[in-house]
Amino acid sequence: MDKKVNDIIILLCKGISNRRLYFSNHPKVISYAQNFLKELTAFFEMSEKEEFFVGIIDGHFIFNGKRLFGPTIVGRQLIQFMQMLQCGGVSFKKGLTVEDLSAFMDLTDGLKNPLNSLQEARELFKKQGILLITLAGYYSDQPGMGAPDSKRPWEGQEAGGFLQSPTLIYQALFDVVTRAHGDAAFSRELDIDSARSVSEFMLRFTQSNFADVMQYIHYPDYDSYTIGHSVRVSSIAVFLGMKMNWPEENILAIGTAGILHDIGKSRIASEILYKASKLTADEFRLIQDHPRVGAELLLAQRDVSPLDIAAAWGHHLRYDGKGYPEKPSWAVRNPVIALLQICDVFEALTAVRPYKQAMDPSHAFSVMTTDKGAFHPGLLSAFIAFIGIYPPGTYVELTDGRIGMVTGAGIIIDRPQLKIIQHRDGTRLKKEDQYAVDLGAMDRGSLGVSQLLLNYLDTEN
Ligand SMILES: [Fe+2]
Ligand SMILES: [Fe+2]
């Protein structure tokens, strides 16, 4: 059920962000709206409920009192919109029509300034003919439900606020990448500064909470996976740069380059980019041209660093010089780009795609190490050592049935450090009751990892 609820809200959020990038009757927007309605109808049938209520507390979506991380990460626009309406939640009623929904989505784009009160927002909805979507007051209006949300999701946040919340960082990352791709698709100027500042926030946060950051890279983003891919490549690269004690300027450079590396894909029609069947020769050439397109696109921007351009151009070049585009004999490989290339392939192998399941890290490592000459050998070994076969942020089941989140690689590759989040009887531990276990310090016979839980999403933490 939790996954269903996540999916429903994500569909709505995606519809809204595409509504902003395109126009209201663009096929993409219509298809999100239709799928949202379809899933919502299925929800009503299954739950026998009359309404689907989503709340907002502290910049997060809430459903049945639980925070929803996946939707929060991709739902910045809806969250901001609801804050502008001065409301603490929105309810979609049974019988919701396409007309109601498209008027609602149009409003998310049309409203430029916050309203003065919830009453005003309700009147606006009435005026627009939106009848089956209603607005609720702040949670704090009800006793014991916490303070009203006064924060805007991420813009204007002090660094300190950011550092307390990986959700905010991920929201900002998704936002920056989505916007960069949208701007590039329409030949608008890119906001390179935001890419740089969000990678700085990421670095600061990763320094103290790297497992939390890595945990977030598992949230799926369904069909817009170029966006999620760039977010994840950039996060993994920052984590690695930090683990290898790179100078801060290089870590920042790789974070920004990771955000922008696939920007050339914004110029490829999504029908080709996300085509499930085999590509024609022409389509394949078009896709292989994205590094060149991306580099040219960045060259035309102000304030872009040479490394960002080089990374967009060279991230599909292998260590042995093969790959694409063709490498001129004078070109020199930069370690930042060499690491980005490793992160790029690792992410592609271990991510879920509509046409494939996630590959577990150890399998991905064996694919990567057997591809001789593909990667910088020293960087690849360091990468494997720091990510480990149970990467920080992933969930594992232990031999006694408990479930834990990996917080760090141990000295022994298959004996990581963990935080236990679930008892063997299946009950969930509250955050304050979770405790650390270091498998590296324990006898192998007494406790070990029984399996890696690749599809486990922590919806409660
Ligand atoms: Fe690429
Ligand atoms: Fe990529």
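That block above? That's the structure.
In short, a report on the structure. Treat the numbers as computed from the prediction; the structure is a model and nothing was measured.

**Concerning the overall build of the protein chain**
Looking only at helices and strands, the protein chain has 18 helices and 10 strands in total. Within the protein chain, the fraction of its 461 residues that count as buried is 41%. Here the analysis covers contacts within the protein chain between residues at least 6 apart in sequence; of these, 68% occur between residues at least 24 apart.

**Considerations on the sheet that holds strand 1 (residues 51-57)**
Strand order in this open sheet of 5 strands is 3-2-1-4-5, and the pairing throughout is antiparallel. Bordering the open sheet on either side are strand 3 (66-68) and strand 5 (133-136), each of which pairs with just one other strand. Direction aside, the axes of adjacent strands within the sheet are offset by 30° on average. In the sheet, strand 1 pairs with strand 2 (residues 60-63) via 3 bridges, with the strands oriented antiparallel. Residue pairing in the sheet places Ile57 in a bridge with His60 of strand 2.

**Here's the deal with the nonpolar core**
Generally speaking, a soluble globular protein has its nonpolar side chains buried in company with each other. Ranked by size, the top nonpolar core spans 103 residues in total, and within it Ile9, Leu173, Ala237, Ile254, Leu340 and Cys343 carry the most contacts. Broken down by element, this core gets its largest block of residues, 10 residues, from helix 8 (residues 166-185).

**A look at the packing of helix 10 (residues 225-243) against helix 16 (residues 335-350)**
Between helix 10 and helix 16, the least distance of the axes is 9 Å, while the angle of their chain directions is 130°. In terms of their interaxial angle, helix 10 and helix 16 are classed as oblique. As for how helix 10 packs across helix 16, the hand of that crossing is right-handed. Across from His229, Arg232, Val233, Ile236, Ala237 and Leu240 in helix 10, the residues of helix 16 making contact are Leu339, Leu340, Cys343, Asp344, Phe346 and Glu347.

**Some remarks on unusual backbone geometry**
Residue Pro325 is bonded to the preceding Tyr324 through a cis peptide linkage, with omega at -10°. In this model, Gln86 sits at a positive phi of 60°, which is unusual for a non-glycine residue. Within the element layout of this structure, Gln86 appears in the loop between helix 4 (76-84) and strand 4 (89-93). Taking the C-beta count within 10 Å as the criterion, Gln86 has 19 such neighbours and is therefore assigned partly exposed. Phi is positive for Ser187, which is not a glycine, with a value near 55°.

**With respect to the sheet that holds strand 6 (residues 395-398)**
Strands sit in the order 9-8-7-6-10 across an open sheet of 5 strands; the sheet is antiparallel. Only two strands of the sheet have a single partner each, and these edge strands are strand 9 (435-438) and strand 10 (449-453). Taken pair by pair, the neighbouring strands of this sheet meet at an average axis angle of 40°, ignoring direction. As paired elements, strand 7 (residues 403-408) and strand 8 (residues 417-422) share 5 bridges and run antiparallel to each other. Counted as the bridge partner of Met405 is Lys419 from strand 8.

**Description of the packing of helix 16 against helix 18 (residues 377-387)**
At their nearest, the axes of helix 16 and helix 18 sit 10 Å apart, and the two run at 50° to each other. The pairing of helix 16 with helix 18 is recorded here as oblique in orientation. Once helix 16 is placed against helix 18, the crossing between them reads as right-handed. Counted together, Pro335, Ala338, Leu339 and Ile342 of helix 16 and Leu379, Leu380 and Phe383 of helix 18 form the full contact between these two elements. By residue class, the composition of the contact of helix 16 with helix 18 is 7 nonpolar, no polar and no charged.

What counts, and where the lines are drawn
Residues numbered from 1 in each chain as written. Chains lettered and ligands numbered in written order. Predicted model: local features only at pLDDT ≥ 70, side-chain atom pairs only at ≥ 80, totals over all residues. Helix = DSSP H or I, 4+ residues; strand = E, 2+ residues; numbered from the N terminus. Buried ≥ 20, exposed ≤ 12 C-beta atoms within 10 Å, placed from the backbone. Contact = placed C-beta atoms within 7 Å. Pairing = 2+ DSSP bridges. Axes fitted to C-alpha atoms, helices over the stretch in contact; angles between N-to-C directions. Core = buried A, V, L, I, M, F, W, Y, C linked by C-beta atoms within 7 Å. Parallel < 35°, antiparallel > 145°, perpendicular 65-115°, else oblique. Left-handed = near helix turned anticlockwise from the far one by under 90°. Nonpolar A, V, L, I, M, F, W, Y, C, P; charged D, E, K, R; others polar.

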